[in-house]
Amino acid sequence: MINIYTTNYTKASRLSNKHYLKVSISLYRPREFKGLQINSFAPTKELLAEYKNGLSEREYETRYREQINKLSDIYSFFQIMAKQAKGRDILLLCYERKNAFCHRHILSDIIYERYGYRINEL
């Protein structure tokens, strides 16, 4: 069984591509990043800009959830990732530190609520 985790680019850079499929879910990614990119899970430019200009975490979460809820089938994205992983675990990546407020944690919660699958932070 493939496990799915979240972490940030810094930590992921120290982990082997042999054991993990690294998947960027941020709007922007480090130049040296060579993994899979899934833009559908990144917050929009507008949402990110508003958050950086003072939008509350509560409102950010509400709007990010609305964005994700518009996706027709989140599960299909994970099926694609699982095929590309070829037995490796999957890392969903963005920039924020482990305990910082971040969309990857909100996405993890949404996956758990919809499918009962827990995605843990690495």
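Structure: above.
Residues numbered from 1 in each chain as written. Predicted model: local features only at pLDDT ≥ 70, side-chain atom pairs only at ≥ 80, totals over all residues. Heavy atoms only, no water.

Draft legend 1. How the structure looks around the overall build of the chain. Helix and strand content of the chain: five helices and five strands. Reading the chain from its N end, one meets helices and strands in the order β-α-β-β-α-α-α-β-α-β. In terms of C-alpha radius of gyration, the chain reaches 14 Å, essentially the compact-globule figure of 14 Å for 122 residues. When the backbone C-alpha atoms are referred to their principal axes, the chain occupies close to 40 × 30 × 20 Å. Here the chain holds 122 residues, and 41% of them are scored as buried. With an accessible surface of roughly 7,500 Å², the chain has 47% of that area assigned to carbon and sulfur atoms. Positive and negative side-chain charges of the chain, numbering 21 and 13 respectively, have mean locations separated by a distance of 9 Å. (Helix = DSSP H or I, 4+ residues; strand = E, 2+ residues; numbered from the N terminus. Rg over C-alpha atoms; globule rule 2.2 N^0.38 Å. Buried < 20%, exposed > 50% of the residue type's maximum accessible area, 1.4 Å probe, protein only. Areas by Shrake-Rupley, 256 points an atom, 1.4 Å probe, with all protein chains shown as cover. Lys, Arg positive; Asp, Glu negative; His and termini not counted. Charge placed at Lys NZ, Arg CZ, Asp CG, Glu CD.)

Draft legend 2. The arrangement of the nonpolar core in detail. Core analysis: the biggest nonpolar cluster contains 24 residues, and Val23, Phe41, Phe78, Met81 and Leu92 have the highest contact counts within it. Where this core is concerned, the elements lending two or more residues are β2 (20-24), α3 (57-69), α4 (74-85), β4 (89-94) and α5 (103-115). In this structure, Phe41 is in contact with Ile25, Tyr64, Ile68, Leu71, Ile74, Phe77, Phe78, Met81, His103 and Leu107, ignoring residues within four places of it in sequence. Core analysis: the next-biggest nonpolar cluster, separate from the first, contains seven residues, Tyr5, Tyr20, Phe33 and Leu93 among them. (Core = buried A, V, L, I, M, F, W, Y, C linked by side-chain atoms within 4.5 Å. Contact = heavy atoms within 4.5 Å.)

Draft legend 3. Region of the structure containing unusual backbone geometry. Although it is not a glycine, Lys86 adopts a positive phi angle of roughly 50°. Relative to the helices and strands, Lys86 resides in the loop between α4 and β4. For Lys86, a relative accessible area of 73% translates into the label exposed.

Draft legend 4. Fine view of the sheet that holds strand β5 (residues 120-121). With parallel pairing, five strands are arranged side by side in an open sheet as β3-β2-β4-β1-β5. The two strands at the open ends of the sheet, each matched to only one other strand, are β3 (36-37) and β5. Here strand β1 (residues 4-8) runs beside β4; their pairing, made up of five bridges, is parallel. Its bridge partner lying in β4, Thr7 is registered against Leu93. Across the sheet, α4 touches β1, β2, β3 and β4, and the angle it forms with β4 is around 120°. Those strands touched by α5 are β1, β4 and β5, and its axis lies near 165° from that of β1. (Pairing = 2+ DSSP bridges. Axes fitted to C-alpha atoms, helices over the stretch in contact; angles between N-to-C directions.)

Draft legend 5. Structural detail: α5. For α5, which comprises 13 residues, the first-to-last C-alpha distance of 18 Å matches the rise-based estimate of 18 Å (1.5 Å per residue) to within 8%. For α5, every residue scored as buried is listed here: His103, Arg104, Ile106, Leu107, Ser108, Ile110 and Ile111. At its buried positions, α5 is contacted by β1, α3, α4, β4 and β5. Directly beyond the C-terminal end of α5, a positive phi value near 75° is found at Gly116. (Expected span 1.5 Å × (residues − 1).)

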